[in-house]
Amino acid sequence: MNATDRTPADLLRSALAADPARPLVTFYDDATGERVELSVATFANWVAKTANLLQGELSAAPGDRLALLLPAHWQTAVWLLACSSVGVVAEVGGDPADADLVVAGPDALDAGRACSGERIALSLAPLGRRFPAAPAGYADYAVEVPGQGDRFAPFVPVDAAAPALVVDGLELGGAQLVERARADAEALGLTPGARLLSGLGYEGWKGLSTGLYAPLAAGGSVVLCRNLDRLAADALAQRVESERVTVTAA
């Protein structure tokens, strides 16, 4: 990746310029049997649409705080990069009452209603399906995002030194996040084209790094597995082989 990349959004732009067709995020949910594979181009398209939703429909601006109440999931990864693109601070597991807006999965809808700002709900159902009806007090992400633009340009340039992510009680600027992700990638032995399988949750930095940021910083890809504990050892070994995994963090 480019040494000049200073935010996660920069890393994604470099990945898109280098090889848009290669896989970036392959997601498994071993409770539902779901498998989704997103190329760099497809992932970047979801990020652009979500960033346009944030900036346009939700009127989010740099420095706004977003309580991200989602598990490890490919759509969570999209939201993290969309926040970086706009300059919104993603607070993983943050307090909705203190946030400017909230993004919540089906298990966190009640908690998310403490937010007085905009609220977006994700069903996290296979294929990104919408809710049968939007939950009370929320807009349904699957309804709102498809009509957004496929290209994104921030109204205000994102400051790489400004806060970008809050996790584990730690606030990281965009440049700090990228530096940590690069260091983690080196420690994990990730090189361009590496394929990392992660069964870690997104509630802490380690899970976020192995499950998104470190592979992105290294020019690799991630096989992100939710509910991996439901998978038998022989099935896991088969997945490692079939997905051409080079590094495992499970």
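A quick note: this is a predicted structure, and the numbers were derived from the prediction, not measured.

1. Some points on the overall build of the protein
Within the protein, the secondary structure is distributed over eight helices and twelve strands. The C-alpha atoms of the protein give a radius of gyration of 17 Å, which matches the 18 Å a tight globule of 250 residues would have. By principal-axis analysis of the C-alpha atoms, the protein measures approximately 45 × 40 × 35 Å. Every one of the 250 residues in the protein was classed for burial, and the buried ones make up 54%. Taking the intrachain contacts of the protein between residues at least 6 apart in sequence as the baseline, contacts between residues at least 24 apart amount to 68%. Accessible area for the protein stands at about 10,700 Å²; split by element, carbon and sulfur atoms hold 50% of it.

2. Some thoughts on the nonpolar core
Of all hydrophobic cores here, the largest spans 63 residues; its most connected members are Phe43, Leu54, Trp79, Leu80, Leu165 and Tyr213. With nine residues, the top contributor of residues to this core is helix H3 (residues 74-86). Residues contacting Phe43, with those up to four places away along its chain left out, are Leu12, Leu24, Val25, Leu38, Trp74, Ala77, Val78 and Leu81.

3. Concerning the sheet that holds strand E8 (residues 163-167)
Taken in spatial order, the seven strands make up an open sheet running E7-E6-E5-E3-E4-E8-E9, and their pairing is mixed. Only two strands of the sheet have a single neighbouring strand rather than two, namely strand E7 (139-140) and strand E9 (170-173). Relative to E8, strand E4 (residues 89-92) runs parallel, the two being bridged by two bridges. Directly across from Ala90, in E8, lies its bridge partner Leu165. Along the sheet, helix H7 (residues 205-218) contacts E4, E8 and E9; its crossing angle with E8, the most-contacted strand, is approximately 125 degrees.

4. Looking at helix H6 (residues 174-188)
Since there are 3.6 residues in each turn of an α-helix, residues three or four apart along the chain are aligned in direction. Compared with the 21 Å implied by 1.5 Å per residue over 15 residues, the 21 Å span of H6 between its first and last C-alpha is a close match. Buried within H6 are the following residues: Gly174, Ala175, Leu177, Val178, Ala181 and Ala185. One side of H6 holds all its buried residues, which, seen down the axis, span an arc of 155 degrees. Counted as exposed and oriented over 90 degrees from the buried face of H6: Glu179, Glu186 and Ala187. In this structure, the buried side of H6 is in contact with helix H1 (8-18), E8, E9 and H7. Backbone geometry just downstream of H6 places Gly189 in the positive-phi region, at approximately 80 degrees.

About the thresholds
Residues numbered from 1 in each chain as written. Predicted model: local features only at pLDDT ≥ 70, side-chain atom pairs only at ≥ 80, totals over all residues. Heavy atoms only, no water. Helix = DSSP H or I, 4+ residues; strand = E, 2+ residues; numbered from the N terminus. Rg over C-alpha atoms; globule rule 2.2 N^0.38 Å. Buried < 20%, exposed > 50% of the residue type's maximum accessible area, 1.4 Å probe, protein only. Contact = heavy atoms within 4.5 Å. Areas by Shrake-Rupley, 256 points an atom, 1.4 Å probe, with all protein chains shown as cover. Core = buried A, V, L, I, M, F, W, Y, C linked by side-chain atoms within 4.5 Å. Pairing = 2+ DSSP bridges. Axes fitted to C-alpha atoms, helices over the stretch in contact; angles between N-to-C directions. Expected span 1.5 Å × (residues − 1). Arc of directions from axis to C-beta.

Without other data, these values stay purely geometric and don't point to any function.
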